[in-house]
Amino acid sequence: MLFFRPISLARSYKNLSILFVFIFPFLFFRLTCIAPLGLPHAAQVDVQVGSHVIPKDTMIFPNLHRITRNPEIFPDPDQFKPERFLDAHGTKFVKNEHNIVFSIGKRDCLGKSLALIEFFLFFASLMQNYKFKSVIDEKFLDLEPHVQFTQSPKPFEVIISKF
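Asks: Is there a simple way to explain the layout of surface pockets in this structure?
Replies: Take a probe with the size of a water molecule and roll it over the atoms, and the empty space left behind shows itself. As a volume, the second largest pocket reaches approximately 430 Å³. Looking at the second largest pocket, it is lined by 19 residues, and the ones nearest its centre are Ala35, Leu37, Gly38, Leu64 and Val101. Grouping the constituent residues of the lining of the second largest pocket by class yields 14 nonpolar, three polar and two charged.

Laid out in C-alpha cells, this is it:
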C-alpha cells in the first residue's frame, strides 16, 4: 500500500516551474494518448479527402493517437522534447493545435481539467516521496503502448525506493 505525504496544491504550484505544470502533462498524454480513438462523428455531407470520398452519414472515429504522433507536426514523435511546447525564447508554454489528446472543440473531454490536476497531484506526490530506477538500460525500454480500446504501458520492471 502506498501512502502519500499530503501536498498543498497552491504551495506545489508556486514551487514548481510553470513550464513543468503545463508542459509535462501534455507531453505525457501526447506520448500515451490513453484513449486513442475519439468519440464517433458522422459526416454531414459527402467529403473528399485526397482521392477518397467519405459519403454523408458515414461514422468517423478520429484517431487521436496518430494525430498526436504525426511526424510532420511532431518531428521524432517518440522523443521527449519539451521544446515542442515552448516559445522561441524557451520561457513560455505555447499551445499546439495538433496536441488534441482530450479531443477538440466544444465536445472535448469533460474530465480534462480533473485529469490534468489529478495527474499533477499524483505525479508530484510520487516524485516527492520515491526514487525510480529501471532494471534495464533506458535505451532498451519499449515505449510502444499496449493498444486495445484504451492504451496502457506494456509490463515493465522498476525499482522504487523511498527517499
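Asks: Got a minute to help me understand the nonpolar core in this structure?
Replies: Grouped burial of nonpolar side chains is what soluble globular proteins tend to show. Cys33, Leu64, Ile100, Val101, Phe102 and Leu116 form the largest nonpolar core, which has six residues in total. With residues up to four places along the chain from it excluded, the contact list for Ile100 reads Leu64, Ile67 and Thr68.

Asks: Any chance you could explain the packing of aromatic side chains here in plain terms?
Replies: For any two aromatic rings, the description comes down to two numbers: the centre-to-centre distance and the angle of the planes. Summed over all chains, the structure comprises one aromatic pair. Note on Phe119 and Phe123: the rings are 5.7 Å apart at their centroids and 20° apart in plane angle, and the pair reads as stacked. On the criterion of helical spacing, the pair formed by Phe119 and Phe123 is a turn pair, its members being four residues apart in helix H4 (residues 112–129). By the burial criterion, Phe119 is buried, and Phe123 matches it. In this arrangement the basic side chain of Lys162 is found over the ring face of Tyr130, its NZ or CZ atom lying 5.1 Å from the centre.

The rules we used
- Residues numbered from 1 in each chain as written.
- Predicted model: local features only at pLDDT ≥ 70, side-chain atom pairs only at ≥ 80, totals over all residues.
- Heavy atoms only, no water.
- 1 Å grid on protein atoms, 1.4 Å probe; cavity = no way out; pocket = protein on both sides within 12 Å on 5 of 7 lines; lining within 4 Å.
- Points joined across faces, edges and corners; volume = space filled by probe spheres on them.
- Nonpolar A, V, L, I, M, F, W, Y, C, P; charged D, E, K, R; others polar.
- Core = buried A, V, L, I, M, F, W, Y, C linked by side-chain atoms within 4.5 Å.
- Buried < 20%, exposed > 50% of the residue type's maximum accessible area, 1.4 Å probe, protein only.
- Contact = heavy atoms within 4.5 Å.
- Phe/Tyr/Trp six-rings, centres within 6.5 Å; stacked < 30°, edge-to-face > 60°.
- Helix = DSSP H or I, 4+ residues; strand = E, 2+ residues; numbered from the N terminus.
- Lys NZ or Arg CZ within 6 Å of the ring centre and 35° of its normal.

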